[in-house]
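Fold and geometry: a report
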Amino acid sequence: PLRGVFTIRSYDDAVAIRAYFTTLTHTLGNSRKANVVLVGGSFISLELASCFAGKANVTVMSRRGPFENILGSQVSKKIQKFHESKGVKFFINSKFDIAGFDRGRSGSIETMRLRDDSKWQVDLIILAIGSKPTTEFLINTPIKLTANNYIKVNKAMQTKQTGNLGKPSFQVLYLRRRVSGTFTL
């Protein structure tokens, strides 16, 4: 496997990313900041961008603006502007496709190639796309799940259970509590 390319779907993934980034920053020392690319423009990607901001050169690659498909373009632009104020860069292109990765002398990722023939110097890439709910713990509880294991909610984002508030991406919030509530970079 190519070192420096990760997905984030579990607690163990977060541990591996943190360990890799810690080693990477020690290896680079004061020569330069690591180049981190986050593929995906939703919750996990932007949380990671916030964690890495200031510690690395961070670029979020996405086909649409952050949360644009959920919150619309006006809110998306404000979220993007906020992250940009922290040093995060955005590459938004509805047609970007990753063509491949090139290995450096150390065996870790060195370059990411796009189908348009552009090359990006990359030290760490996290594919934060295609999440799936971590709601298995709700099976056999009064909280109803959809066929895809999302929490079933009404238009007000409420479950039928009194006092419970469902979220459109509850699985991300649950993962966040398990991952970033425990770790800092």
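Figured I'd write up the structure that's included with this text. Values in this document were obtained by computation on a predicted structure and should not be read as measured data.

**Details of the packing of aromatic side chains**
One pass over the structure, following the stated rule, counts five aromatic pairs. Consider the rings of F6 and Y20, whose centres lie 5.5 Å apart with planes at 65°: the pair is edge-to-face. Here F6, found in strand β1 (residues 5-7), pairs with Y20, found in helix α1 (residues 11-28); they are 14 residues apart in sequence, far enough to count as distant. For the pair formed by F6 and Y20, the shared burial category is buried. Between F91 and F96 the ring centres are 6.0 Å apart and the planes differ by 70°, which places this aromatic pair in the edge-to-face class. Joined through ring pairs, the aromatic side chains of F91, F96 and W120 make up one cluster. Positioned above the aromatic ring of F96, the side-chain terminus of R63 is 5.2 Å from the ring centre.

**Notes on the sheet that holds strand β8 (residues 124-127)**
Strand order in the open sheet made by the five strands is β1-β8-β2-β3-β4, with parallel pairing throughout. Every interior strand has two partners, whereas the edge strands, β1 and β4 (89-92), have only one. Recorded for the sheet is a direction-independent mean angle of 20° between the axes of neighbouring strands. As paired elements, β1 and β8 share three bridges and run parallel to each other. Bridging across to β8, T7 finds its partner in L127.

Thresholds, definitions, all that
- Residues numbered from 1 in each chain as written.
- Predicted model: local features only at pLDDT ≥ 70, side-chain atom pairs only at ≥ 80, totals over all residues.
- Heavy atoms only, no water.
- Phe/Tyr/Trp six-rings, centres within 6.5 Å; stacked < 30°, edge-to-face > 60°.
- Helix = DSSP H or I, 4+ residues; strand = E, 2+ residues; numbered from the N terminus.
- Buried < 20%, exposed > 50% of the residue type's maximum accessible area, 1.4 Å probe, protein only.
- Lys NZ or Arg CZ within 6 Å of the ring centre and 35° of its normal.
- Pairing = 2+ DSSP bridges.
- Axes fitted to C-alpha atoms, helices over the stretch in contact; angles between N-to-C directions.

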